[in-house]
Each structure stands twice: as structure tokens, then as C-alpha cells.
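Overview (structure and organization)
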Amino acid sequence: MNLRASSCYLDEGNVYQYNTNEEKIVKDSHTKEIDLINRDPKQINEDVVKVEFEDVIAEPDGTHSLDGVWRLSYTTFTVSKYWCYRVLSAVFGIPVALLWGFLFACISFCHIWAVVPCIKSCLIESQCVSRIYSLCIQTFCDPFFEALGKIFSSVRVALRKEV
């Protein structure tokens, strides 16, 4: 078996090919292509941050500002929201992504190396305890309740209605 690895880069990201009898292709999930058009493919922010000018500022009938003021207000709101988000994401986006990556890495580490093994350990121990418990029930309680059942099995109850 020839395990000589040759790496190549495809559109999906970093792909390693191993030359064996059957070719195996392993995709590296850390270098996958990202969609620069649809940046919320799972719609997790669908209704949270879609704030438009009309959602914040509205003039009721009978109370209207000058048309030029209304257009300038709309443009000012839209452009300032756009550029403020861009500047904030440029300044804080990478550090915040680093913090979130670190947090989720810590959560994953704790889950993989502590939570799941602890749960598995508890399940193994509970199986041992449940076997001992069922053995005690079968040894002590089953004979007692079987005897009570035999005692009361001959009891007959008859209901009569007297007038």
C-alpha cells in the first residue's frame, strides 16, 4: 500500500489525496470556501438586525417635514448605519471572532474531554448500581410480595346492594 500524500488545492478548499489502491480524498474544513454573497445561509439574523429607516423614523399624515429634509435624513441614516457597521466590524470583527472562536473551542474541549466522559462514566456506574439494586429487589422484595400475593389471592370480595 502506497501512502505517499500529494496535496492539491481545489475550489472547495484544501484537499489531500492519498495514492492507494483506492483514492481517498479528505477535505480540510478549516480552509473551505466561504460564500461572500449569502453571508447568513442559515438565516440566524433574519429578523433581528434588519432595521431600515422606515422602521425607526416615520412621519404620520399631517406632520411632514420638507421633502429635501426627508431625503437627506434617509440618506444620512442609511449611509451612517452602513459605514458605522463597516468601521466597527473592521476594528472589532477580528478580535471578537478570536474571542468567540476561543470560547467555542473551550466549550468543545470541555464537552469532548470532560462532559461526555463523565456522562459515560455515570452510565457505567449506574449500570453496576442498577444490577446490584435489581439483585437486592429480587432477593428480598420478590419473595415477600409473592407471599403476600398468595395470602390475598384467596380473598373474595362480593358487593351486594341492600335496599
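How each quantity is defined
Residues numbered from 1 in each chain as written. Predicted model: local features only at pLDDT ≥ 70, side-chain atom pairs only at ≥ 80, totals over all residues. Heavy atoms only, no water. UniProt positions renumbered as here; feature names shortened; annotations may be inferred. Helix = DSSP H or I, 4+ residues; strand = E, 2+ residues; numbered from the N terminus. Buried < 20%, exposed > 50% of the residue type's maximum accessible area, 1.4 Å probe, protein only. Contact = heavy atoms within 4.5 Å. Areas by Shrake-Rupley, 256 points an atom, 1.4 Å probe, with all protein chains shown as cover. Phe/Tyr/Trp six-rings, centres within 6.5 Å; stacked < 30°, edge-to-face > 60°. Lys NZ or Arg CZ within 6 Å of the ring centre and 35° of its normal.

By the naming in an unreviewed UniProt entry, the protein is Caveolin, taken from Poecilia reticulata. The UniProt entry for the protein carries the following comment under Sequence similarities (unreviewed entry): "Belongs to the caveolin family."

The next point concerns the overall build of the protein. In terms of helices and strands, the protein carries 2 helices and 3 strands. Reading the protein from its N end, one meets helices and strands in the order β-β-β-α-α. Out of the 163 residues in the protein, the part that is buried amounts to 3%. At a minimum sequence separation of 6, the contacts of the protein that also span at least 24 residues come to 8%. Accessible area of the protein: about 15400 Å², with a carbon and sulfur share of 65%.

Non-glycine residue Gln43 carries a positive phi angle of around 50 degrees. Looking at the element boundaries, Gln43 is found in the loop between strand 3 (24-27) and helix 1 (53-56). For Gln43, a relative accessible area of 44% gives the class partly exposed.

Before going further, it helps to spend a moment on the UniProt feature "transmembrane region" (unreviewed entry) in the protein. Within this numbering scheme, the UniProt entry marks residues 87-114 as carrying the feature "transmembrane region" (unreviewed entry). In this annotation, residues 87-114 is assigned 100% helix and 0% strand; the end-to-end C-alpha distance for the span is 40 Å.

Next up on the list: the packing of aromatic side chains. Each aromatic ring pair is summarised here by two numbers: the centre-to-centre distance and the angle between the ring planes. Across all of its chains, the model carries 7 aromatic pairs by this definition. Consider the rings of Tyr82 and Trp83, whose centres lie 5.4 Å apart with planes at 90 degrees: the pair is edge-to-face. Residue Tyr82 is classed as partly exposed on the basis of its relative accessible area, which comes to 40%. Ring geometry for Phe109 versus Trp113: centroids 6.4 Å apart, planes at 35 degrees, classification tilted. Separated by 4 residues within a single helix, Phe109 and Trp113 lie in helix 2 (residues 67-152), roughly one turn from each other. Neither Phe109 nor Trp113 differs from the other in exposure class; each is exposed. In textbook terms, an aromatic cluster arises when at least three aromatic residues are bridged by ring pairs, as seen for Phe53, Trp70, Tyr74 and Phe77. Above the plane of the ring of Trp83 lies Arg86, whose end atom (NZ or CZ) is 5.9 Å from the centre.

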